[in-house]
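Residues per chain are reported as follows:
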Amino acid sequence: MLMEKLSYKPVSSSHIHISELMLPSNTNFSGKIHGGYILSLLDQAAFASASKFSGYYCVTASVDRVDFINPIEVGELVTLKACVNYVGNSSMIVGIRVEAENIQTGKIKHCNSSYFTMVAKDENGKNATVPGLELCHEEDIRRFINCIKQIDLRKERDLHEEKYNYSSFDAKAILQKYRVLLSLKP
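All of the points below concern the structure found in this document. (Residues numbered from 1 in each chain as written. Predicted model: local features only at pLDDT ≥ 70, side-chain atom pairs only at ≥ 80, totals over all residues. Heavy atoms only, no water.)

**Regarding the overall build of the protein**
- Scanning the protein from N- to C-terminus turns up four helices and seven strands.
- Its helices and strands taken in sequence order, the protein reads α-β-β-α-β-β-β-β-β-α-α from the N to the C terminus.
- Over its C-alpha trace the protein gives a radius of gyration of 20 Å, far above what one expects of a compact globule, namely 16 Å for 186 residues.
- With respect to the principal axes defined by its C-alpha atoms, the protein has extents near 60 × 50 × 35 Å.
- Accessible surface for the protein amounts to roughly 11900 Å². Of this, 56% is attributable to carbon and sulfur atoms.
- Distance between charge centroids for the protein: 5 Å, based on 22 positive and 21 negative side chains. (Helix = DSSP H or I, 4+ residues; strand = E, 2+ residues; numbered from the N terminus. Rg over C-alpha atoms; globule rule 2.2 N^0.38 Å. Areas by Shrake-Rupley, 256 points an atom, 1.4 Å probe, with all protein chains shown as cover. Lys, Arg positive; Asp, Glu negative; His and termini not counted. Charge placed at Lys NZ, Arg CZ, Asp CG, Glu CD.)

**Description of the sheet that holds strand β5 (residues 91-101)**
- Within the open sheet, the five strands sit side by side as β2-β4-β5-β6-β3. Their pairing is antiparallel. Unpaired on one side and paired on the other, β2 (16-21) and β3 (57-68) mark the two borders of the sheet. Adjacent strand axes in the sheet meet at a mean angle of 25°, parallel and antiparallel pairs treated alike.
- Direction of pairing for strand β4 (residues 77-87) relative to β5: antiparallel, over a ladder of 10 bridges. Looking at β5, one finds that L80 is bridged to V98.
- Packing of helix α2 (residues 35-54) onto the sheet brings it into contact with β2, β3, β4, β5 and β6 (108-121), and relative to β3 it is tilted by some 135°. (Pairing = 2+ DSSP bridges. Axes fitted to C-alpha atoms, helices over the stretch in contact; angles between N-to-C directions. Contact = heavy atoms within 4.5 Å.)

**Section: the nonpolar core**
- Core analysis: the largest hydrophobic core is formed by 37 residues, its most contacted members being I72, L80, M92, V94 and I96.
- In contact with I96, not counting residues within four places along its chain, are L42, A45, A46, L80, K81, A82, N112, S113, S114 and F116. (Core = buried A, V, L, I, M, F, W, Y, C linked by side-chain atoms within 4.5 Å. Buried < 20%, exposed > 50% of the residue type's maximum accessible area, 1.4 Å probe, protein only.)

Structure, rendered in structure tokens:
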């Protein structure tokens, strides 16, 4: 069993498609489907994809990007397509694409893309080692490398945050280009 958990699995073993008809109860004040509702569906899809791939219960560690591209209307059929794009030791980055279909015309629009970092947990709540990722298509390679870039950017951002002096003259000089009023209190 342990050998099986440490083996490699193809990206296709993580594919999840979830479809749901959008109802009036899911709308925001402007009559469009509420972004928070879509975020909830995204989290479910990320969980399903990561758990299916790893064979473990998975938790959301972070959401690196959520790009809302087009609004979703009441009555549209929303489909979330998720798959594991990257694996670490116990973590996985799941890419999710959201499409909405007008069921009367058949027209499909891309509405959202997002990337969730999920962590596999064993029965004791400890991080569990996930299978390696078998890249079978050029698209798998592209997605994996983009995740490596995403991880590197996150590390660079965290390092910058840790070392940057926000109270320096240079930091305050940067603000002159923006619509802010600096009113520092002692």
